[in-house]
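# Observations on the three-dimensional arrangement
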Amino acid sequence: MGLGKTAQAISTIEYIDAKPCLILCPVSLQRNWINEISKWLAEWCSMSMTPNRNVDFNVIPYSQVKKYYDVLSCIPYKSMVCDESHYLKNGKAQRTKIVKKISKKIEHVYMLSGTPIVNRPSELIAPLEIMNMLEEMGGWNYFVKEYCGAYRDRFGLNISGAKNLKTLNTELRKRCYIRRQKKDV
């Protein structure tokens, strides 16, 4: 908190002219996003807390993604912001699967989190897929072998391990990961 992620995301969307924008967040942050958009772009944009193809920003809680999937998937979004993106670390979760489907049509996808995501590298797979960055990281097979220490056990492929973490950190920072601390802001 307090690092300016919301303001930076809003200004990025405005700067690259990537509207309409879909913002996905926990319901507890939905009003905050509306307030921040109003604060930074009040005169230049429109917004809604339910899917609406005629506004610049749709701010939808993760809890409503399944309910609104059909409508959301029909709106030609130019960008998507997933706030508190650690909500999407489980690739088997229905919410994550739906967000992946929606993201396939969107050119600019940003994942924001003030919470360190990773307990293990496999938790990065779904966010990287949503951002369409997993292939740049070598693809699924390479990623699980190189960074998750994948091996076969009696239950199938185990990807719960971790290895080459310094290399993983370097590769993420080159491509798609920015980490700031309060002392740096």
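Residues numbered from 1 in each chain as written. Predicted model: local features only at pLDDT ≥ 70, side-chain atom pairs only at ≥ 80, totals over all residues. Heavy atoms only, no water.

## Examining helix α1 (residues 5–15)
Buried residues of α1: Lys-5, Thr-6, Ala-9, Ile-10 and Ile-13, and no others. Along the long axis of α1, the arc covered by the buried residues comes to 130°, so they all point the same way. Asp-17 sits one or two positions beyond α1 and adopts a positive phi of about 55°. (Buried < 20%, exposed > 50% of the residue type's maximum accessible area, 1.4 Å probe, protein only. Helix = DSSP H or I, 4+ residues; strand = E, 2+ residues; numbered from the N terminus. Arc of directions from axis to C-beta.)

## Digging into the nonpolar core
In this structure, Leu-24, Met-80, Leu-128 and Phe-143 are the most contacted members of the largest nonpolar core, which totals 32 residues. Sorting the residues of this core by element identifies β1 (21–25), α3 (65–72), β4 (79–82), α4 (94–103), β5 (108–111), α5 (125–130), α6 (139–146) and α7 (165–175) as the ones contributing at least two each. Not counting chain neighbours up to four residues away, the residues in contact with Phe-143 comprise Pro-121, Leu-124, Ile-125, Leu-128, Leu-134, Met-137, Cys-148 and Leu-168. With 16 residues, the next largest nonpolar core counts Ile-10, Cys-21, Ile-23 and Leu-41 among its residues. (Core = buried A, V, L, I, M, F, W, Y, C linked by side-chain atoms within 4.5 Å. Contact = heavy atoms within 4.5 Å.)

## Thoughts on unusual backbone geometry
With omega at 10°, the peptide bond leading from Lys-19 into Pro-20 counts as cis. With respect to the secondary-structure elements, Pro-20 resides in the loop between α1 and β1. In this structure, Asp-17 takes a positive phi of about 55° despite not being glycine. Its place among the elements puts Asp-17 in the loop between α1 and β1. With a phi close to 60°, Asn-132 is a non-glycine residue in the positive phi region.

## Let's talk about the sheet that holds β5
Reading across from one edge, β2-β3-β1-β4-β5 is the order of the five strands in this open sheet, with parallel pairing throughout. Edge strands, defined here as strands with exactly one partner in the open sheet, are β2 (47–48) and β5. Sheet analysis places β1 next to β4, joined by four bridges and oriented parallel. Among the inter-strand pairings, Cys-21 is bridged to a residue of β4, identified as Ser-79. With respect to the sheet, α1 is in contact with β1, β3 (57–61), β4 and β5, its orientation differing from that of β4 by roughly 175°. The sheet contacts of helix α2 (residues 27–41) involve β1, β2, β3 and β4, and relative to β3 the element is tilted by about 160°. (Pairing = 2+ DSSP bridges. Axes fitted to C-alpha atoms, helices over the stretch in contact; angles between N-to-C directions.)

## Thoughts on the state of the cysteines
Overall, the coordinates contain zero disulfides when judged by the stated rule. Cysteine Cys-21 is unpaired, with the sulfur of Cys-82 as its nearest cysteine sulfur at 9.5 Å. Of all cysteine sulfurs in the structure, the one in Cys-82 sits closest to Cys-25, which takes part in no disulfide; the separation is 9.9 Å. (Disulfide = S-S within 2.5 Å.)

## A few points about the packing of aromatic side chains
Applying the stated rule across the entire model yields three aromatic pairs. Joined through ring pairs, the aromatic side chains of Tyr-142, Phe-143 and Tyr-147 make up one cluster. Across from the ring centre of Tyr-69, 5.8 Å away, lies the NZ or CZ of Lys-101, which sits over that ring. (Phe/Tyr/Trp six-rings, centres within 6.5 Å; stacked < 30°, edge-to-face > 60°. Lys NZ or Arg CZ within 6 Å of the ring centre and 35° of its normal.)

## Describing the pattern of salt bridges
This model, assessed by the stated rule, comprises six salt bridges. One salt bridge connects Glu-123 with Lys-89, and the closest N-O pair in it is separated by 3.8 Å. Pair noted here: Glu-123 is in the loop between β5 and α5 and Lys-89 is in the loop between β4 and α4, with a separation of 34 residues, a long-range link. Taking the relative accessible area as the measure of exposure, Glu-123 reaches 9% and is therefore buried. (Salt bridge = Lys/Arg side-chain N within 4 Å of Asp/Glu carboxyl O.)

## A closer look at the packing of α3 against α4
Two quantities define a packed helix pair, namely the angle between the axes and the distance from one axis to the other. In the contact formed by α3 and α4, the axes pass within 10 Å of each other and the chain directions differ by 15°. In terms of orientation, α3 lies roughly parallel with respect to α4. As for how α3 packs across α4, the hand of that crossing is left-handed. Along its contact with α3, which presents Val-65, Lys-66, Tyr-69 and Leu-72, the element α4 presents Gln-94, Ile-98, Val-99, Lys-101 and Ile-102. The class makeup of the residues in the contact of α3 with α4 is six nonpolar, one polar and two charged. (Parallel < 35°, antiparallel > 145°, perpendicular 65-115°, else oblique. Left-handed = near helix turned anticlockwise from the far one by under 90°. Nonpolar A, V, L, I, M, F, W, Y, C, P; charged D, E, K, R; others polar.)

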